[in-house]
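What the coordinates show
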2 protein chains.
Amino acid sequence: MVKVKVYVTLKEGVLDPQGKAVEQALLAKDFKGVSDMRIGKYMEFYMDRDDHSDRNIQSMCKQLLANPVIEDYRYETEEVVHQ
Amino acid sequence: MVKVKVYVTLKEGVLDPQGKAVEQALLAKDFKGVSDMRIGKYMEFYMDRDDHSDRNIQSMCKQLLANPVIEDYRYETEEVVHQ
C-alpha cells in the first residue's frame, strides 16, 4: 500500500473569500497579527502499489481532485508496510 | 513574519461522506486501487512575530479553525525573512 497526501491550494492572485472570512473572524476574536489567510484542501488516501504511479496521481489531481484553472496541487507519497 | 500551516482532518472513526464520494468518482473514472479517501482542510496564513506563540495558535485552532469534537489538527510554522 502507498499512502498519498494531496494538498490543493488556490493559485496566487485568486481571491479567497472563505479565507478572508476566517481571517476576519480570528481578528474579531482578538487574535492579533493574522494576515493573508488562504484555505485549501488536504486529502489522504491509499493506493495499491501496482496502481500507484506519479503519472496516475497527477492525472487524478488534474481530472478530479483539483481545478487546474484556479488551483495548484502538490502531493507526497509514503510506503505503508502494514496497514 | 511567521508562516503558519494548519492541517485539519476528521478524527478516525468519523464518517467522511465527501471522501467516499470522491473515492467513488475516482473509481468510476477508472482510477483503480484507491481506498480510504479522507478529506480535510489545509490553511496557511502569516502572523506577526510578536503575536505568534504555540499557545496562541492552538487556541485559534480549538476555537475557530477546527471542530475539536470531530476533527484533529496539526500545524507547522516557519520563519519568513522577507515577504
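Residues numbered from 1 in each chain as written. Chains lettered and ligands numbered in written order. Predicted model: local features only at pLDDT ≥ 70, side-chain atom pairs only at ≥ 80, totals over all residues. Heavy atoms only, no water.

By the naming in an unreviewed UniProt entry, chain A goes by Phosphoribosylformylglycinamidine synthase subunit PurS and is assigned to Tenuibacillus multivorans. Database annotation for chain A, UniProt heading Subcellular location (unreviewed entry): "Cytoplasm". Within the UniProt record for chain A, the comment given under Pathway (unreviewed entry) is "Purine metabolism; IMP biosynthesis via de novo pathway; 5-amino-1-(5-phospho-D-ribosyl)imidazole from N(2)-formyl-N(1)-(5-phospho-D-ribosyl)glycinamide: step 1/2." (UniProt positions renumbered as here; feature names shortened; annotations may be inferred.)

Quick look at the sheet that holds strand 3 (residues 71–79) of chain B now. Taken together, six strands build an open sheet; the order of strands is 3(A)-1(A)-2(A)-2(B)-1(B)-3(B) and the sheet is antiparallel. On the outer flanks of this sheet lie strand 3 (71–79) of chain A together with strand 3 of chain B, each paired with one strand and no other. If you compare each strand with its neighbour and ignore which way they point, the axes differ by 20° on average. Bridge analysis of strand 2 (residues 34–47) of chain A against strand 2 (residues 34–47) of chain B gives 11 bridges, and the strand direction is antiparallel. Within the sheet, the bridge partner assigned to glutamate 44 of chain A lies in strand 2 of chain B and is arginine 38 of chain B. (Pairing = 2+ DSSP bridges. Helix = DSSP H or I, 4+ residues; strand = E, 2+ residues; numbered from the N terminus. Axes fitted to C-alpha atoms, helices over the stretch in contact; angles between N-to-C directions.)

Another aspect to go through is the packing of aromatic side chains. In total, this model carries five aromatic pairs over all chains according to the counting rule given. Measuring from centroid to centroid gives 5.8 Å for tyrosine 7 of chain A and tyrosine 42 of chain B, while their planes differ by 70°, and the two rings are edge-to-face. Remark: tyrosine 42 of chain B occurs in strand 2 and tyrosine 7 of chain A occurs in strand 1 (residues 2–10); the pair is interchain, linking two chains. For tyrosine 7 of chain A, a relative accessible area of 4% gives the class buried. A residue is classified by how much of its surface remains accessible, and tyrosine 42 of chain B, at 1% relative accessible area, is buried. Put simply, the rings of Tyr7 and Tyr42 of chain A together with Tyr7 and Tyr42 of chain B pair up and form one aromatic cluster. Positioned above the aromatic ring of tyrosine 7 of chain A, the side-chain terminus of arginine 74 of chain A is 4.2 Å from the ring centre. (Phe/Tyr/Trp six-rings, centres within 6.5 Å; stacked < 30°, edge-to-face > 60°. Buried < 20%, exposed > 50% of the residue type's maximum accessible area, 1.4 Å probe, protein only. Lys NZ or Arg CZ within 6 Å of the ring centre and 35° of its normal.)

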